[in-house]
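Inside the fold
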Amino acid sequence: MLKIAVQKSGRLYEDSVKLLKECGIQLNNGHKQLKAVAENFPLEVYFLRDDDIPQYVYDGVADIGIVGENVLLEKAKDIDLVFRLGFGKCRLSIAVPKNMPYQTVADLHGLKIATSYSSILQKYLQENKINAEIHEISGSVEIAPGIGLADAICDLVSSGSTLFTNGLKEVEVIVRSEAVLCANKDLSEENARLLEKLLLRINSVKTAKNNKYIMLNAPNSQLKNIFSLLPGMKSPTVVPLAEAGWSSVQTVVNENDFWEVIEKLKGYDAEGILVLPIEKMIV
Ligand code: ATP
Ligand code: ZN
């Protein structure tokens, strides 16, 4: 039985549970219990505070966990980062009051910086040879300068709107982060096998999200041009249409190239282009 720790509530909760579901794992009492058991996979899910997850995985209370890379770095436990999951993206940044003149990192000299990430911040200040005071607080870091508790902050940012409403500007990005799957270094043989199985599923969900299935009709005279645009998984599927001289082409396109490919396809007389989401993709 593999034991996974996920955040019990907060920004990573929903995406973590959704990921398990997309991996075909059904939880019997999914909501806000300390523990849930999967009905169709040997998996137990523990719902915990994110800050505790690295320790639990290190101790082996949980075998694996889903946590922000920022927390993993801050806690610095000797556990493996197995997979970057692509959600919960944010950055750990330094912000100062927006009217404070700021040019380089040297401007942080002598400041008092409030943060919940003192270990990452300390390392950053040391690397940049900055002498600043770290004031550790556990939450609502963004209000610290406004109430005179600190001169600057080091906190998580995604859109930047929280900084803006608190009269702050982002001046240095220390770490970019997203949710990651982490694992104990000493898994039993059985659990290592189960983790492999889970990873295959996670990978296929992630790959599927990055790709679209595309179907189109085109005159045979343009097929060569169209194939040059569509690398596909191996090579595109081509089926003749009832109308002589025309074919239906079906393949997979990466989301990053998607719009560019569509525009070019139209240039090669493609018609009736259909784009479908892919649920799972095993390559
Ligand atoms: P817990 O109660 O579990 O301790 P928390 O308040 O520490 O929760 P959340 O605010 O729910 O944590 O954030 C969890 C994770 O979500 C962060 O560690 C980070 O990896 C990620 N995250 C993504 N965007 C943001 C953001 N704008 N602000 C804070 N965290 C973010
Ligand atoms: Zn937390």
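Before reading further, recall that the structure is shown in the block above.
A brief structural summary. Note that the structure is predicted; figures quoted are calculated from it, not measured. (Residues numbered from 1 in each chain as written. Chains lettered and ligands numbered in written order. Predicted model: local features only at pLDDT ≥ 70, side-chain atom pairs only at ≥ 80, totals over all residues. Heavy atoms only, no water.)

The mixed open sheet is built from 6 strands, whose spatial order is S2-S3-S1-S4-S11-S5. A strand with exactly one partner marks an edge of an open sheet, and here the two such strands are strand S2 (35-37) and strand S5 (80-84). Direction aside, the axes of adjacent strands within the sheet are offset by 25° on average. Taken together, the 5 bridges between strand S4 (residues 64-68) and strand S11 (residues 179-183) define a ladder with antiparallel strand orientation. Within S11, the residue paired with Gly68 across the bridge is Ala179. Against the sheet, helix H6 (residues 189-209) makes contact with strand S1 (2-7), S4, S5 and S11, and its axis sits at roughly 25° relative to S5, the strand it touches most. (Pairing = 2+ DSSP bridges. Helix = DSSP H or I, 4+ residues; strand = E, 2+ residues; numbered from the N terminus. Axes fitted to C-alpha atoms, helices over the stretch in contact; angles between N-to-C directions. Contact = heavy atoms within 4.5 Å.)

Further remarks concern the coordination of the zinc ion (ligand 2). For a metal with four tetrahedral donors the ideal donor-metal-donor angle is 109.5 degrees, whereas six octahedral donors ideally subtend 90 or 180 degrees. Note on the zinc ion (ligand 2): its protein donors are Asp50 (OD) and Asp51 (OD). The metal-donor distances range over 2.0 to 2.1 Å. Coordination at the zinc ion (ligand 2) comes from 4 donor atoms whose angles at the metal span 74 to 174°, giving a geometry best classed as irregular. Judged by relative accessible area, Asp50 falls into the buried class, the value being 18%. The class for Asp51 is partly exposed, based on a relative accessible area of 29%. (Donors = N, O, S within 2.8 Å, 3.2 Å for Na, K, Ca; no water. Tetrahedral: all angles 85-135°; square planar, octahedral: opposite > 155°, others 65-115°. Buried < 20%, exposed > 50% of the residue type's maximum accessible area, 1.4 Å probe, protein only.)

On to the packing of aromatic side chains, then. Counted by the stated rule, this structure contains 2 aromatic pairs. Judged by centre distance (5.1 Å) and plane angle (75°), the ring pair of Phe258 and Trp259 falls under edge-to-face. Judged by its relative accessible area of 59%, Trp259 falls in the exposed class. (Phe/Tyr/Trp six-rings, centres within 6.5 Å; stacked < 30°, edge-to-face > 60°.)

Take the pattern of salt bridges next. If you walk through the whole model with that rule in mind, you get 11 salt bridges. A salt bridge links Arg91 to Glu170, with the nearest nitrogen and oxygen atoms 2.7 Å apart. Of this pair, Arg91 sits in strand S6 (residues 90-97) while Glu170 sits in strand S10 (residues 168-177), and the two are 79 residues apart along the sequence. A relative accessible area of 30% means that Glu170 is categorised as partly exposed. Through salt bridges with shared partners, a single network forms among Asp78, Asp80 and Lys185. (Salt bridge = Lys/Arg side-chain N within 4 Å of Asp/Glu carboxyl O.)

This part takes up the pairing of S6. Successive residues of a regular strand alternate their side chains across the two faces of the sheet. In terms of burial, S6 is a largely internal element, 7 of the 8 residues being buried. With 8 bridges joining them, S6 and S10 adopt antiparallel strand pairing. Residue pairing in the sheet places Leu92 in a bridge with Val175 of S10. Relative to strand S9 (residues 152-157), S6 runs antiparallel, the two sharing 5 bridges. Opposite Ala95, over in S9, you have Ile153 as the bridge partner.

Time to look at the site of ligand 1. Among the 18 residues in the neighbourhood of ligand 1, the closest are listed as Arg11, Asp50, Asp51, Asn70 and Ser158. The contact in question runs from an oxygen atom of ligand 1 to an N or O atom on the side chain of Gln7, over 2.9 Å. Taking Asn70, its side chain carries an N or O atom lying 2.6 Å from an oxygen atom of ligand 1. Summarising the interface, the protein chains cover 77% of the accessible area of ligand 1, which totals 630 Å² for the free molecule. In this structure the site holding ligand 1 corresponds to the largest pocket. Where the shell around ligand 1 is concerned, the elements lending two or more residues are helix H3 (69-75) and S9. Counted by class, the shell around ligand 1 contains 6 nonpolar, 7 polar and 5 charged residues. (Near = heavy atom within 4 Å. Polar contact = N/O pair within 3.5 Å; in protein donor to acceptor, adjacent residues only side chain to side chain. Areas by Shrake-Rupley, 256 points an atom, 1.4 Å probe, with all protein chains shown as cover. 1 Å grid on protein atoms, 1.4 Å probe; cavity = no way out; pocket = protein on both sides within 12 Å on 5 of 7 lines; lining within 4 Å. Sits in = over half its atoms within 2 Å of the grid points. Nonpolar A, V, L, I, M, F, W, Y, C, P; charged D, E, K, R; others polar.)

Turning our attention to the environment of Phe83. Within the fold, Phe83 resides in strand S5. Aside from chain neighbours lying at most four places away, what touches Phe83 is Ala179, Val180, Leu181, Leu199, Ile202, Asn203 and Lys206.

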